[in-house]
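Single-letter residue listing:
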Amino acid sequence: EGNRHALYCTKHVDTAKSNAKLPKWFIEDSFFEYNRWKSDKWLRSSTRGSGPYKLSSYGLDVDLDTSPFACAAACAAIGLPTAFLPGDLVDVKRSAGRILELQEKALVLGTYQGRLFYRLISQKSEGGSLMEGGGRAWFWDESEAVEGGLHIIGNGRGLSVELPKLSRFKPVTGGLKIVYQGGAVVRSDLEIFDGSENIGKIPHGIVIPPDNIIERRLNSCGVVRYLVDYEPVGRGWISSRIRGGKEELIVDTLPSSSNGDDPLSQLLYATPEDSATVWYKNYLQAIRNNGCTNDLESVESKRNAFLETFNVKDIDEFSDLLATGKIRRCNELESDSLIAAAYGRIADVLPHCDEIECSFADCALIMTNLSLPQSSKNIELEDLFKTIDSVAFEVASESLLHLSDDLPSPKSLMARMAMLRALNRRARLGLPWLPVRPSQEGSAIFGGLAGFGPPLERAGRSFDSNSQSIWVQVPSISARLRKCRGLLFCSVKRSFVDSVMDTTATPTPLSHDEYELPREVRTVRVNRLKARRAIASDDSGLKRKHSVFSQLQREMRGWSGATLRRGFIAKGHGGQKRAFKVKLVGEGVNDYSGPYREVFTDAMREITDIDSSGNTSLGILEPTANNQGGVGEGRDLFLFAQSSDKKNRFDEVSVHLTTSLSTEEQHLLTTFSSLTQKQDEISREIEES
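Reference entry: report on the structure contained in this document. Since we're looking at a predicted model, the values are computed, not measured.

1. Observations regarding the pairing of strand β3 (residues 89-95)
For β3, a buried count of five out of seven residues is recorded, marking the element as mostly surrounded by other parts of the structure. Pairing analysis gives six bridges linking β3 to strand β4 (residues 98-112), with the strands arranged antiparallel. Residue pairing for β4: Val92 is matched across the bridge by Glu104. The turn linking β3 back onto β4 is made up of two residues, and Ala96 within it adopts a positive phi angle of 50 degrees. Bridge count between β3 and strand β7 (residues 150-152): three bridges; the pairing is antiparallel. By the bridge assignment for β7, Val90 is matched with Ile152.

2. Things to note about the pairing of strand β19 (residues 581-584)
Here β19 shows a buried face lined by Val582 and Leu584 and an unburied face lined by Lys581 and Lys583. In the sheet, strand β16 (residues 523-526) pairs with β19 via four bridges, with the strands oriented parallel. Across the sheet, Thr523 pairs through a bridge with Lys581, a residue of β19.

3. Some remarks on the packing of helix α1 (residues 24-39) against helix α5 (residues 315-323)
Interhelical geometry of α1 versus α5 gives an angle of 95 degrees and a closest axis separation of 10 Å. Here α1 lies roughly perpendicular to α5, going by the angle between them. On α5, the residues that touch Ile27, Glu28, Ser30, Phe31 and Tyr34 of α1 are Ile315, Phe318, Ser319 and Leu322. Per-class residue counts for the contact of α1 with α5 are six nonpolar, two polar and one charged.

4. Comments concerning helix α6 (residues 332-349)
Taking 1.5 Å of rise per residue, 18 residues should cover 26 Å, and α6 covers 27 Å from first to last C-alpha, within 8% of that figure. The complete set of buried residues in α6 reads Glu332, Leu333, Ser335, Asp336, Ile339, Ala340, Ala342, Tyr343, Gly344, Ile346 and Ala347. Along its buried surface, α6 packs onto α1, α7 (360-371), α9 (390-400), α10 (410-430) and α12 (477-483). For α6, the N-terminal cap is Asn331; the gap from its side-chain oxygen to the backbone nitrogen of Leu333 is 3.1 Å.

Reading the values: the criteria
Residues numbered from 1 in each chain as written. Predicted model: local features only at pLDDT ≥ 70, side-chain atom pairs only at ≥ 80, totals over all residues. Heavy atoms only, no water. Buried < 20%, exposed > 50% of the residue type's maximum accessible area, 1.4 Å probe, protein only. Helix = DSSP H or I, 4+ residues; strand = E, 2+ residues; numbered from the N terminus. Pairing = 2+ DSSP bridges. Axes fitted to C-alpha atoms, helices over the stretch in contact; angles between N-to-C directions. Parallel < 35°, antiparallel > 145°, perpendicular 65-115°, else oblique. Contact = heavy atoms within 4.5 Å. Nonpolar A, V, L, I, M, F, W, Y, C, P; charged D, E, K, R; others polar. Expected span 1.5 Å × (residues − 1). Polar contact = N/O pair within 3.5 Å; in protein donor to acceptor, adjacent residues only side chain to side chain.

Here it is as C-alpha cells:
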C-alpha cells in the first residue's frame, strides 16, 4: 500500500489540484532539484574515469560548477594568466607531461573540487577521430598550463582580464642558492625528457637573485621546478631536488629580506579564492566599461528580475505548486506525460541537447510565453523572448497549444518539470535494475494482453483495445513501468538502450597492424551500380534481386547474431563503429567509414521508396495509416508489409468461419485471431517481428 503513494493517480478529475500523494522524501528531492536547476550553474558530465559504458560506472560522473568565480579560482590554482570560462575554446599543446606533435582543440566545461574540466572536440590525428576517452571530460593540471601549453582561441568570455598569480607560482624569497655539489642542470622545458634540451649548468654556490626567479611550478612527475634567468646560460628550468635516489636538495630557498613596508609583500594571494575575488571584481568592471555590453547587461538584469518571480521560499510552497501543476481535464499520468514530451521537444532545440541539462530560464520563458495571453505580455518580456530561438516557441506551441486554456501557471509547470527531472535522474540509474518485460509475457498460465508468444498489446495489426476489459492483468513492476513510460525523457531511454548495446557488443581483438582491420571483421561486396539500374526499372523481381538491401541480405545470410553485434572502431576511420567492411564493386573506393554508412543509407532508401501505386518498391515495409492519409503523428513511419493475396485469404477465412460459428465461438476467434488464423512461415515472421 505504501508504494501506491509513489504512483500516479489515473482517475480523471475535473479540479485543477492534484489528488496524487507523493512521498515526502521525493518532494524534498524535487525541491532540491528545482533550486539546483534554477541556479543554472551546474552541468553533469561523464569523465574519463567513468568507464566505456554509460551506466556501468555512473558514480564517476561529476556535477560541474559553471559560475565565473569558480572557474577563475580553478584557473588560478593551475597558474593560468587569464580565466577560462565555460564555452571557451582552447588550443591544447601539452598533455600528460608531453608536447603534442599536433595540437588539439578543447571546450571548457566547468569546475569540480577546484579542478578545471574540459572536453576534447577535435584531435588533429590521422582521420581526425577522437582517441579513447577523448570525448569525455577531464581536467588540466599546472604542468599543462605552463606558458604556451594552453592558448585560448579568440578573446574568450573572460574579456582577457588578467588573473593574479598565486604566491606559490611566484614566491617571495631572498633568492635561490645552488647547494648540490654537481650544480644545477638548466633545461629548456618544464619536463625532464629527451626533448628537453640541456642548455647549461649553474655551478655550486651560485645565488640566483629574486628578480631572476620567473616562476615556480610542479611538472607532471611532481618535481618542483624553477624558471630562472642566469646570464651565462640564459633562461631555463632547474629542479629543486634530485629526481630519484635520496632526492638530495639542488637549490635552497633563502629567506626574504623584505620588510612589511615593501608593497610586494602585501600583494600575496595564498589561495585560489583570493585571486578569483580580485579577478571577479575586475571582470565586472570590464563588463560595465565595455560600451558594447550595455544592452546585454540590461537584458541580463531583466532576466534576473524575471527569475526572481520563480523563487520558492520553502518546501510547503513547492508542495502546493506541485499539487496545482496538473493540466486541467487530464488525469495525473496524461498531464505529466504531456509535460515531459513538451519539455523533451524544447530541450532538443535549445543549446543543451540533454533534457537533464536544459536551461531553467529558457524553459521558464517558453512556458510563460505559452501560458500568458498576448495582452498580458509587456515590453520587458518581449525583449527576453527575443533571446531564445523562435523554433523553441514553435515546438512548445505544437505540443501544448491545444491545451493553452487548461495549463496551470508557469511557476507550477516549472515545479512539475523539476519533479520529472528528479524522477528521471533516479530512473537513469534504476532502469538497468528494473524488469521491462511483464510476467504475463511468455507465460501460458496467465495469458491476456501479454500472453504466450508475441504480445497482443502492441502497436500494429494485433492491437485490440477491448482486450483490457476481457483479460486479467497481473500487477507487476514492468507493467507499471510500461504504463508510465511517457514520464521518462527520451535521453534517459536512449542512454539505457545505448548502454545495453555497448555492453552486449561482441569484443574484437586488435590486429597486429593498427592500420589494418582484424580478420574477424568480414568484407561485404555490394554492387550499387547494378542496384541503381534495377531500382530505376519497372520490374519488381529485378528490384528484389539486385537492390542493395537484397545484396546485403544474401551476403550476411549465414552470419550469427554475435557477428552483427560487433562495434569495432579502426584507427583513421573517423570514430565510426562497424560490424563489417564494405567493398563497393566498380567504384574504386576504400572503406574508411564512408562506404559503410552509404550502404545503410541506400538500403533504407530502397525499402521506404514508394512507387506510383502507393506501395513500397521492395514490398518489405508499407506506410502506416497516418503516413498514407497524411494526418496525425508519425506520418513518416512504416510497418512490415503483408502481400495483398495474404490479406484477402485471411478475410475469406474470417468470413467463412464467422458464418458457421456461434456468438461465443466468434468471440473466442476474435480474441485469439493471431493464433487461430492460418499462417505460413512468412506471415509468422512478420507477425513476430
